[in-house]
Amino acid sequence: MTLRRRILSYYSMTLSLSLVIVGFWSWFEFNEQRDEALHGGAEAALKHDPLEETLEIILYGGLPAILLGILGGGLLMRRALRPIEELTEALEKTDVSNLSNPVPRSGNGDELDRMTAVFNRMKERLGLSFTQAREFTLNASHELKTPLTVIHGTLEQMATNELAAEVDRERAASLLEEVQRLSSIVGQLSFLARADAGLLPSARESAALDILVRDLAEETMILASGAGVSVTLGECQSVSVSGDKMRLRQLLLNLADNAVKYNERGGSIEMTLVRQNDDAVFTITNTGIALPAELRSRVFERFFRGDLAHNSATEGSGLGLSIAKSIVEVHQGVIGYSVLPEGRTQVVVTLPSPR
Amino acid sequence: MRLLIVEDERKTAALLSATLIKEGGQVTCAQDGEAGLKAAIGGGFDALLVDIMLPKLDGLSLVRQLRVRGDTTPVIVLSARGEVEQRVEGLDAGADDYLPKPFAMSELMARLRSLLRRNNQQRPAVLMMADLTLDQASRETRRGGKRIELSTRESLLLECLLRAEGSVVSRRDIISAVWEYDFDPGTNLVDVYVRRLRDKIDRDFPLALIQTVRGLGYTLRLPS
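Reading guide: rules and limits
Residues numbered from 1 in each chain as written. Chains lettered and ligands numbered in written order. Predicted model: local features only at pLDDT ≥ 70, side-chain atom pairs only at ≥ 80, totals over all residues. Helix = DSSP H or I, 4+ residues; strand = E, 2+ residues; numbered from the N terminus. Rg over C-alpha atoms; globule rule 2.2 N^0.38 Å. Contact = placed C-beta atoms within 7 Å. Buried ≥ 20, exposed ≤ 12 C-beta atoms within 10 Å, placed from the backbone. Domains from an automatic or database assignment. Pairing = 2+ DSSP bridges. Axes fitted to C-alpha atoms, helices over the stretch in contact; angles between N-to-C directions. pLDDT = per-residue confidence, 0-100.

(A) How the structure looks around the overall build of chain A. Of regular secondary structure, chain A possesses eight helices and seven strands. By the compact-globule yardstick of 20 Å for 355 residues, chain A is too spread out, its C-alpha radius of gyration being 37 Å. Principal-axis analysis of the C-alpha atoms gives chain A an extent of 135 × 45 × 40 Å. Contacts spanning at least 24 positions in sequence make up 71% of the contacts within chain A whose residues lie at least 6 apart.

Here it is as structure tokens:
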């Protein structure tokens, strides 16, 4: 049955029911009048004011009919429209993670069922292109690794060939550095592709985040000393999270590296780790030129680098923060980027740490 | 040093054998898993280099079958699929080491050397190069008889360079030896630490031992 027919039939049913009630009450009133006329004569019948009778019919027949119409009609309409609500809910819940689960169909062939079918086909196609994009990155990064090994090895031979001229060896060494940069980008892309495909190993051990943060602060001090940046570790509460220690180290080092790279001589970096209810909150704040407001929402995008960074001699692929984000997500956490009113840049990582 | 390379990708195989021959090895190549297994069973190799993705029989099955037969020849597994989980799989199958592509030939040579050394059970108590010594037990470092104080990381870095016995150590190998990171930290951590180590062991002495080999890494040897 089509949706239009269903609504029409519910509507007629309610209307008929109301008519039956009004009809019944009128029949009752007329019957009463006739009975009185039969037993008490015309005089008794004339006692009844027609206006009063009509009012009675409206009051006792019409009002219940209206109430019934509202209640019953509302109920029936809700039943008729429930599939639309269900479909809307399913649409609202759709995201990248559930593209492969189709929305259940009623199978009755009405407009909504057809729409669900169309939606499911769209979801399927979307899922397919997501998978393809993911697999493409994964395969592309794998396919690049073998040729990179051959190029790297050949350049190594050239760079260390004592028979070659010094200038040629220098050239080979310079190319080697580029191949290493390329290899590092390929490695990062392959990491991201594996994270997207849910292939990151989920070693769920208890990791003392405060120890990792203390190590990081020490390492960052050494990294930053050459750049003339001071590092302070503020409050560092003892908090543990469940996860992969190696990935958490990678996450922290990534954030610290950014804080050093985008800093300025004489600047500072400040880190804190605190427990907030059932979360561990790590904050890293650094001085340096802040990103313009319109670019801030894009910092976690792949290959995103603020124009500032492009102009300076800062090295980096623009994948560091994307990697940080995917590690945080694997650990069911949240990462945020903001610029404080006084112009310092702040990254906050919140990881679940149930007591 | 007799080595068997099982690798179907011709250019990689050619490069590997050229490098190993140059380092004084005798090399046999096999282009698929079955031929590789047959050659390995034939025996007489000091070490095997096995790619994971191979026609006919994959590298991990090859290693497994070899281990089932009681063959304990050291095996290094090479793979483009890469990284942590494959490393675990490779070691579970019975491989002794795992090298993810893309790798440097110097890294491969370092792995081979340490693997063959491990087999010979040689472990000197004191590592030395010229007048520089590092006592592995007490971590005491001396140059020209003068005691030098190093932090834990600096000491690990020095150990890693000394162990290479004059060969070049790549940044990646330094990172995994000193920090035990399985990832590319994307920072100049290694360069910063090498600078600190230089300040301590080279600055006050006439001959600098730590050499930068551009594009390849660092090495500890007397300047030529």
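(B) Expanded view of the overall build of chain B. Looking only at helices and strands, chain B has eight helices and eleven strands in total. Relative to the globule expectation of 17 Å for 224 residues, the C-alpha radius of gyration of chain B, 19 Å, shows essentially globular dimensions. The principal-axis extents of the C-alpha atoms in chain B amount to approximately 60 × 35 × 30 Å. For chain B, the proportion of its 224 residues judged to be buried stands at 40%.

(C) Structural detail: the interface of chain B and chain A. Contact with chain B, which involves 28 residues of that partner, is made by 30 residues of chain A. Breaking the side of chain B that touches chain A down by element, the ones donating at least two residues are helix H1 (10-22), helix H4 (83-93), helix H5 (105-120) and helix H8 (189-201) of chain B. Residue contributions to the side of chain B that touches chain A peak at four residues, all from H1 of chain B.

(D) How the structure looks around the domain arrangement of chain B. All names here are of chain B. Under the domain assignment used here, chain B contains domain 1 (2-120) and domain 2 (126-220). Between the C-alpha centres of domain 1 and domain 2 there is a distance of 29 Å. Contacts between domain 1 and domain 2 engage six residues on the former and ten residues on the latter. No other element matches H5, which puts four residues into the side of domain 1 that touches domain 2.

(E) Spatial organisation of the sheet that holds strand E7 (residues 132-135) of chain B. All names here are of chain B. Spatially, E6-E7-E8-E9 is the arrangement adopted by the four strands of the open sheet, whose pairing is antiparallel. The sheet is open, and its two edges are formed by strand E6 (126-129) and strand E9 (146-148), each paired on a single side. Strand-to-strand twist in this sheet, taken as the mean axis angle between neighbours without regard to direction, amounts to 25°. Across three bridges, the pairing between E7 and strand E8 (residues 141-143) is antiparallel. What sits directly across from Thr 133, in E8, is Arg 142. The strands touched by helix H6 (residues 152-163) within the sheet are E6, E7 and E8, with E6 carrying the most contacts at an inclination of about 70°.

(F) Spatial organisation of the pairing of strand E7 (residues 345-352) of chain A. Residue and element names in this part refer to chain A. With burial as the criterion, only one face of E7 is covered, namely that bearing Thr 345, Val 347, Val 349 and Leu 351; the residues Gln 346, Val 348, Thr 350 and Pro 352 on the opposite face remain uncovered. Here strand E5 (residues 279-286) runs beside E7; their pairing, made up of eight bridges, is antiparallel. Paired with Thr 285 across the strands is Gln 346, a residue of E7. Here strand E6 (residues 334-339) runs beside E7; their pairing, made up of six bridges, is antiparallel. Pairing of Ser 338 across the sheet is with Gln 346, part of E7. Linking E6 to E7, which pair antiparallel, is a turn of five residues; within it Gly 343 sits at a positive phi near 100°.

(G) The domain arrangement of chain A, seen in detail. As assigned here, chain A comprises domain 1 (3-93), domain 2 (133-196) and domain 3 (205-352). Domain 1 of chain A and domain 2 of chain A are separated by 83 Å when their C-alpha centres are compared.

(H) Structural view of the environment of Met 271 of chain A. Residue and element names in this part refer to chain A. Mapping Met 271 onto the fold places it in strand E4 (residues 268-276). C-alpha of Met 271 to C-alpha of Val 348: the two residues are 77 residues apart in sequence and 9.9 Å apart in space. With sequence-adjacent residues up to four places away left out, Met 271 is seen in contact with Val 213, Ala 217, Leu 233, Gly 234, Thr 283 and Ile 284.

(I) The arrangement of the sheet that holds strand E5 (residues 97-100) of chain B in detail. Residues and elements named next belong to chain B. Strands sit in the order E2-E1-E3-E4-E5 across an open sheet of five strands; the sheet is parallel. Two strands close off the open sheet at either side, each with one partner strand: strand E2 (26-30) and E5. Neighbour-to-neighbour, the strand axes of this sheet turn through a mean angle of 20°, independent of strand direction. Of the strand pairs in this sheet, strand E4 (residues 75-79) and E5 are connected by four bridges, and their pairing is parallel. Bridge pairing in E5 links Val 77 to Tyr 98. Strand contacts of H1: strand E1 (2-6), E2 and strand E3 (47-51), with the helix running at about 165° to E2, the strand carrying the most contacts.

(J) Highlighting the confidence of the model for chain B. Put simply, chain B has an average pLDDT of 87, and 96% of its residues get 70 or more. In the predicted complex, the global pTM is 0.77; the interface-specific ipTM is 0.85.

(K) How the structure looks around the environment of Ala 130 of chain B. Residues and elements named next belong to chain B. Structurally, Ala 130 is set in the loop between E6 and E7. Taking the C-alpha atoms as reference points, Ala 130 and Glu 107, 23 residues apart in sequence, are found 24 Å from one another. With residues near it in sequence (within four places) discarded, Ala 130 still touches Leu 209 and Leu 222.

(L) Expanded view of unusual backbone geometry. Residue and element names in this part refer to chain B. Here the residue pair Lys 101 and Pro 102 is connected by a cis peptide bond, since its omega of -5° sits within 30 degrees of zero. For Arg 139, which is not glycine, the phi torsion reads 65° and is therefore positive. Looking at the secondary structure, you find Arg 139 in the loop between E7 and E8. For Arg 139, a count of 13 C-beta atoms within 10 Å corresponds to the partly exposed category. Notably, Glu 180 is not glycine yet its phi reads approximately 60°, a positive angle. Considering the arrangement of structural elements, one finds Glu 180 in the loop between helix H7 (171-178) and H8.

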